[in-house]
Amino acid sequence: MCGICGFQGQGERRHLLAMTRALSHRGPDGEGFFEYPEDRLFLGHRRLAILDVAAGVQPMANADGTVQVVFNGEIYNHGLLRRELESMGYRFRSHHSDTEVLVHGYQAWGENLPQRLNGMFAFAIHDRRGRKVFMARDRFGKKPLYYVHQPGFFAFASEIRSLLQHPGVPDDLDAEAIRGFFAYCFFPAPSTPFRAIRKLPGGQCLVYDMSRFTLEIRPYWGFHVTPDPELSHADGDRLAEELLGLLENAVNRRLESDVPLGFLLSGGVDSSAILALAARTLPVDRLHTFSIGFAEASFDESAHARFMAQTAGSRHWERSCTLNDARIDLPALLERWDEPLGDGSILPTYMVCRFARERVTVALTGDGGDEMFAGYDPFQALHPSGYFNRWVPGWLRSALYVLSLKLPISERNMGLDFKIRSWLKGVRHAPAYWNPVWMGALSQEDLSLLFGRPAPLDEVYAQALTAWESCPSPNIVDRSLEYFTRFYLQDDILTKADRCSMMVGMELRSPFLDNDVAAFAARLPHDLKIRRGQQKWILKKALAGVVPQSILQRPKKGFGIPLARWLKELPMPEAGREAEVMNIGWLRQLWQEHREGQRDARHALWCWMTLNTFLSGIPSRSGGQTGQVRDL
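Residues numbered from 1 in each chain as written. Predicted model: local features only at pLDDT ≥ 70, side-chain atom pairs only at ≥ 80, totals over all residues. Heavy atoms only, no water.

**Some remarks on the overall build of the chain**
- Across its full length, the chain carries 25 helices and 19 strands.
- Its C-alpha radius of gyration of 24 Å places the chain within 12% of the 26 Å reference for a compact globule of 632 residues.
- Counting only C-alpha atoms, the chain reaches 70 × 60 × 45 Å along its principal axes.
- Counting the 632 residues in the chain, one finds 64% classified as buried.
- As presented, the chain carries roughly 22,700 Å² of accessible surface, and 51% of it is formed by carbon and sulfur atoms.
- Computed over 73 positive and 73 negative side-chain charges, the separation of the two mean positions in the chain equals 1 Å. (Helix = DSSP H or I, 4+ residues; strand = E, 2+ residues; numbered from the N terminus. Rg over C-alpha atoms; globule rule 2.2 N^0.38 Å. Buried < 20%, exposed > 50% of the residue type's maximum accessible area, 1.4 Å probe, protein only. Areas by Shrake-Rupley, 256 points an atom, 1.4 Å probe, with all protein chains shown as cover. Lys, Arg positive; Asp, Glu negative; His and termini not counted. Charge placed at Lys NZ, Arg CZ, Asp CG, Glu CD.)

**A closer look at unusual backbone geometry**
- Across the junction of Ala189 and Pro190, the peptide omega takes the value 15°, indicating a cis bond.
- By the element assignment, Pro190 lies in the loop between α5 (175-184) and β10 (197-199).
- In this model, Arg131 sits at a positive phi of 50°, which is unusual for a non-glycine residue.
- With respect to the helices and strands, the residue Arg131 is situated in the loop between β6 (119-127) and β7 (132-137).
- If you check the backbone angles, Ala374 has positive phi at about 60° while not being a glycine.
- Inspection of the secondary structure puts Ala374 in the loop between α11 (369-373) and α12 (378-391).

**A look at the environment of Met210**
- Mapped onto the elements of the fold, Met210 is located in the loop between β11 (204-209) and β12 (214-219).
- Considered as a pair, Met210 and Val133 are 77 residues apart in the sequence and their alpha carbons are 7.5 Å apart.
- For Met210, the contacting residues outside a window of four places in its chain are Gln8, Asp39, Leu41, His126, Arg131, Lys132 and Val133. (Contact = heavy atoms within 4.5 Å.)

**Digging into the environment of Val437**
- Looking at the secondary structure, you find Val437 in helix α15 (residues 434-439).
- Residue class for Val437 comes out buried when judged on its relative accessible area of 3%.
- Discounting chain neighbours no more than four positions away, the residues touching Val437 are Lys425, Gly426, His429 and Tyr461.

**Observations concerning the nonpolar core**
- Counting residues in hydrophobic clusters, the biggest one holds 173 residues, and the most contacted among them are Phe182, Phe263 and Phe373.
- Ranked by residues supplied to this core, first place goes to helix α19 (residues 476-502) with 12 residues.
- With residues up to four places along the chain from it excluded, the contact list for Phe373 reads Leu243, Phe512, Val517, Ala521, Leu524, Lys529, Lys536, Ile538 and Leu539.
- If you look at the next biggest cluster of nonpolar residues, it comprises 24 residues, including Val103, Leu117, Ile125 and Val207. (Core = buried A, V, L, I, M, F, W, Y, C linked by side-chain atoms within 4.5 Å.)

**Overview of the pattern of salt bridges**
- By the definition in use, this model includes 47 salt bridges.
- Taking the shortest distance from any N to any O, the salt bridge between Lys132 and Glu111 comes out at 2.7 Å. One end of the pair, Lys132, is in strand β7; the other, Glu111, is in the loop between α3 (98-109) and β6, and 21 residues separate them in sequence. (Salt bridge = Lys/Arg side-chain N within 4 Å of Asp/Glu carboxyl O.)

**A few points about the packing of aromatic side chains**
- Using the criterion set out here, one finds 29 aromatic pairs in the structure.
- With centroids separated by 5.2 Å and ring planes inclined at 75°, the aromatic side chains of Tyr184 and Tyr461 adopt a geometry described as edge-to-face. With a gap of 277 residues between them, Tyr184 in helix α5 and Tyr461 in the loop between α17 (457-460) and α18 (462-470) connect regions that are remote in the sequence. Neither Tyr184 nor Tyr461 differs from the other in exposure class; each is buried.
- Note on Trp591 and Trp608: the rings are 5.8 Å apart at their centroids and 80° apart in plane angle, and the pair reads as edge-to-face. Of the two residues, Trp591 is situated in helix α24 (residues 584-595) and Trp608 in helix α25 (residues 602-616); the sequence distance between them amounts to 17 residues. Exposure class is identical for Trp591 and Trp608. Each is buried.
- Taken together, the ring pairs in this structure connect Tyr184, Phe186, Tyr376, Phe379, Tyr433, Tyr461, Tyr483, Phe484, Phe487 and Tyr488 into an aromatic cluster. (Phe/Tyr/Trp six-rings, centres within 6.5 Å; stacked < 30°, edge-to-face > 60°.)

**Thoughts on the state of the cysteines**
- Counted under the stated rule, the structure contains 0 disulfides.
- Cysteine Cys2 is unpaired, with the sulfur of Cys5 as its nearest cysteine sulfur at 12 Å.
- In this structure Cys2 comes out as buried when scored by relative accessible area, which is 3%. (Disulfide = S-S within 2.5 Å.)

**What to know about the confidence of the model for the chain**
- In this model, the chain carries a mean pLDDT of 90, and residues with pLDDT of at least 70 account for 94%.
- For the stretch residues 623-632, pLDDT sits under 50, and the model shows 25 contacts to residues farther than four places along the chain or on other chains. (pLDDT = per-residue confidence, 0-100.)

**Topic: the environment of Val133**
- Relative to the helices and strands, Val133 resides in strand β7.
- Residue class for Val133 comes out buried when judged on its relative accessible area of 2%.
- In this structure, the C-alpha to C-alpha distance between Val133 and Val207, residues 74 residues apart in sequence, is 5.8 Å.
- Excluding residues that lie within four positions of it along the chain, Val133 makes contacts with Leu41, Ala124, Ile125, Leu206, Val207, Tyr208 and Met210.

Shown next, in the form of structure tokens:
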């Protein structure tokens, strides 16, 4: 687990050093550099040593130096691939480095290499003979990869801040992308806050031709829900058994580590399943679990996590997240945060990673279970919304949404008023827009006010609309899964997990995102994921007897924080560079209305706070209107 960066074209070694230094938190165990003057190519690497600590130093090359690799991540099937490559005549110098598998794997399979990998990764390969740089990001985008392509110049890095250390990288804001941020609560790939900086989507590879200075991006894999018509209700027992075996194999693949390993435990189904399956393999003295609790009962799951830890026999640590923690930790956390994110759970996620890092360097999580098996609340709302949308005229749906804004405001986690407002905000529109609108920060009307221009849904939610329309299945559950796996998982959940863990130099692993588990989930009919109102039906059936029934039967509780209440106590941001593209006066008024209990604007205000703090840590080089507040 590491940080990578590099560039070709304008620039000097000192710029590479600055870019690499900006990634030091991702790799506290060492650094490495490579320069190829003939093509003015520079590669940098920061290392968090997990596998083959002594021999896994990067950049890593083949014997004659014609292939150079910088790599961030873990390849879980590296042992199998190594044996295959050895049978083809390739000789390895390391004992069990997964990086060297990439070196020889590229020699053997060229640009087909990513299709053979089961893991989380972002890597760049310098192909000296082909005079090109080949890059790829793992299937679900667990490991980040950003790039800039200008005439005669190309640069890449694991984080935006690293790229911005190079003076050739422009930092002009992207107004359309920032509007999308307030719509989705995240930046859907390939967008970022900056026009010149792009984010390579998961499951895609990039080829930069250093002779012609051209860039080609193409997918090598995509998650598409394609239900197998041969799978029926009668297959439930067999499929549950198959799923349990796949998931157990996925967990076991992720237990390999030359450093201490643990588990992040929420007390929900997914993280409990990972712990229970690992407990079948690991001795009890190697089971270390970590969780975060809250004083506010509607947000707290610590008792369930504690019970699961006792059941598995793990040594358990827990801490509480409070408003005081937010006051102390948030300013520094958001200032170091590399991509604005409208998800308030970054604070407890960071806190659990930070205190887990005191004892372990690697931790397994339950990330991906909700996306693979339809675990989120919106899945329950899909069919009722279909009837409502079909039988209630549009004018009445809009009127009911306006009325919902008058409901008394609760600060509870997923309070009834919050659910009603969110539901009516989305169900006014066509089904393709329900999920992003439900999960987003602002309504279409508010987006227009904030950015001073109309906000057509087909423009604002273009990526979500494409995912909806390209789904092979016409079923509304399957189409919703496309949104959650291709966007929400990648650009919210996994972004949060990567940044929070790498800030403290820790690696997180997600067995639910294993190639085999994902392929299995993609071919399941929707009625094996949701049956008679029970979400994750097939997963819970598979886990019966493995995870306690009291855990399996618990209602879903999102990993949130008391954001609505805390924002009434936290200071309002001072206007910064975001004022170049947004109506700050409207946001100030919204903050005041939230404080006075007139509106529940928790997500929009959190988006502003994270964007503002992120931009405040990046001095402008663009000559824009920094510091000028625009009130429309």
